[in-house]
Amino acid sequence: MTIGSRPHGQRTTGARLARALSGLALVCAALIVFFQLSAEPAGATPQQAPNSRIVLDLPSSFTPSPLFSGFQDDTRGTSFVILEAPASEYDKMAQGLTREELAKRGIEDARPASIARSGPHVYMRAKQTSPAGTFEKFFVLFRTHDQTVLISANVPIKAIEDGSVTPEEIEKILASAKTTEKPSVRDLFSLSYLGPFKEAGTLVGTSKVYTLDGRLEPERRGETRSAFMVAPSLDKRPIADPEKLAVSLLASLPGYKDIKPGEPRDVKIGGLDGVEVSAEALDADDDKPIHLYQAMLLGKDGGYYRLIGIATPKQAAELAPEFPKIAQSFALLP
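First, a word on scope: everything that follows refers to the structure included in this document. (Residues numbered from 1 in each chain as written. Predicted model: local features only at pLDDT ≥ 70, side-chain atom pairs only at ≥ 80, totals over all residues. Heavy atoms only, no water.)

## With respect to unusual backbone geometry
Unlike most non-glycine residues, Asp258 shows phi in positive territory, near 50 degrees. Tracing the sequence through the fold places Asp258 in strand β15 (residues 256–261). Its identity is not glycine, yet Asp287 carries a phi of approximately 65 degrees, on the positive side. Relative to the helices and strands, Asp287 resides in the loop between β17 (272–283) and β18 (289–298). Take Asp287: its relative accessible area is 42%, and that puts it in the partly exposed class. (Helix = DSSP H or I, 4+ residues; strand = E, 2+ residues; numbered from the N terminus. Buried < 20%, exposed > 50% of the residue type's maximum accessible area, 1.4 Å probe, protein only.)

## Re the pairing of strand β1 (residues 44–48)
Regular strands place their side chains on alternate faces of the sheet. Summarising the sheet, β1 and strand β2 (residues 54–59) pair through five bridges and their orientation is antiparallel. Counterpart to Gln48 in the pairing with β2 is Val55. As consecutive antiparallel partners, β1 and β2 are separated by five residues, and within that stretch Asn51 has a phi angle of approximately 55 degrees, a positive value. (Pairing = 2+ DSSP bridges.)

## Focus: the sheet that holds strand β7 (residues 121–130)
Taking strand neighbours across the sheet as the criterion, the seven strands line up as β3-β4-β5-β9-β8-β7-β6 in an open arrangement whose pairing is antiparallel. Edge positions in the sheet fall to β3 (63–64) and β6 (107–112), since each of these pairs with one other strand and no more. Bridge analysis of strand β5 (residues 78–86) against strand β9 (residues 147–156) gives eight bridges, and the strand direction is antiparallel. Looking across to β9, one finds that Phe80 is bridged to Ala153.

## A look at the side chain of Thr211
Along the chain, the position of Thr211 falls in strand β13 (residues 207–211). Taking relative accessible area as the criterion, Thr211 reaches 1% and is therefore assigned buried. Of the polar contacts made by the side chain of Thr211, one reaches the side chain of Asp213; its length is 3.2 Å. Within polar-contact distance, the side chain of Thr211 engages the backbone nitrogen of Gly214 at 3.0 Å. Dropping the residues within four chain positions of it, Thr211 is found in contact with Phe197, Lys198, Ala200, Arg225, Ser226 and Ala227. (Polar contact = N/O pair within 3.5 Å; in protein donor to acceptor, adjacent residues only side chain to side chain. Contact = heavy atoms within 4.5 Å.)

## Focus on helix α5 (residues 167–175)
Residues of α5 that are buried: Pro167, Glu169, Ile170, Glu171, Ile173 and Leu174. In this fold, the buried residues of α5 make contact with β2, β5, β7, β8 (133–143), β9 and α4 (157–161).

## Some points on the pairing of strand β14 (residues 227–232)
Of all six residues that make up β14, six are buried, and the element is covered over most of its length. Residues Ala227, Met229 and Ala231 point to one face of β14 and Phe228, Val230 and Pro232 to the other, with burial holding for every one of them. Sheet topology places β13 next to β14; four bridges connect them, and they run antiparallel. Each bridged residue has a counterpart across the sheet, and for Thr211 the counterpart in β14 is Ala227. Across six bridges, the pairing between β14 and strand β19 (residues 304–311) is antiparallel. Bridged to Val230 within β19 is Leu307.

## Digging into the sheet that holds strand β10 (residues 178–179)
Spatial ordering of the open sheet is given by β1-β2-β10, a layout of three strands whose pairing is antiparallel. With one partner strand each, in any of the chains shown, β1 and β10 form the two edges of the open sheet.

## Observations concerning a negative patch on the surface
Taken together, the side chains of Asp241, Glu243, Glu263 and Asp266 define an acidic patch exposed on the protein surface. Within the element layout of this structure, Asp266 appears in strand β16 (residues 265–269). Given a relative accessible area of 64%, Asp266 falls into the exposed group. (Patch = residues over 30% accessible without salt bridge, like charges linked within 9 Å, V, L, I, M, F, W, Y side chains within 5 Å. Areas by Shrake-Rupley, 256 points an atom, 1.4 Å probe, with all protein chains shown as cover. Salt bridge = Lys/Arg side-chain N within 4 Å of Asp/Glu carboxyl O. Lys, Arg positive; Asp, Glu negative; His and termini not counted. Charge placed at Lys NZ, Arg CZ, Asp CG, Glu CD.)

## Here's the deal with the pattern of salt bridges
All chains considered together, the criterion is met by 18 salt bridges. Here Arg265 ties to Glu276 by a salt bridge, and the two come within 3.2 Å at their closest N and O atoms. Residue Arg265 is located in strand β16, and its partner Glu276 is located in strand β17; the two are separated by eleven residues in the primary sequence. Among the ionic pairs, Asp273 bridges to Lys268, the shortest N-O distance being 2.9 Å. Bridged by salt links that share partners, the residues Asp109, Arg111, Arg125, Lys127 and Glu136 form one connected network.

This is the structure in structure tokens:
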């Protein structure tokens, strides 16, 4: 799922993965399940998000998330999910913040609104219904001199209705968003074997991308590249049917079509049970065949980690056997 369209001539691995993860932030954040009790927030203080350069003025009821770049208020069931991308991605990401594009991701009643921010920005409100309930969603996309930032606020509709969370409170927090020069870094995992890949950067704070040249952006525009990515889930909800979820996640990987998953296989990696599945697909832009790999590992206290491999036609034969080896080297950090 992507929040931005894929413009012709600028189909890069880094941009594609950034949009893929931002789409995950939009949809999966609504599945974050918290107990919802009425509570009044305390005074706001600046907090820097984990693995991020973004600072928000937040009530003391919000704490940094252990899984994603953002914050959560367990008592009121509210979360802020942050995505940071290159400044050049702003226009493309803004194209995805429309009623039509959001509706494709199950996000309804999207409408533009105003917020007290200066500089280039887009502010939208919407609703989304999920197994966790119905959520009011608030999106702000803004650009700085070197970044594009998307922040998604997710609030249970019941919290809005009973007044424990107000739109004005959320908008004030979003309006306060600013960037710092250095991120607050905390790695969740390591890969002891990368094969031919090199670490290229992080997305959504805790997710990492690996490419063959160690660059998020390719040397030549329009170049589709092979990549490997590790992305933790945005919450710790229990997984009732791991095989079904693993196949569903791979089959809905954004940027690809006609995805044909193979038979899922049980695996155990880094002490975590999981499901491994490969697939053949077509690039959604140019119909070129793509080989996909995914290992979904179940967190010990809920949630999951997705390890995703993407191989272009010229490199599929070489990289397909490398993907499971890289996945097998995954380990959680203390």
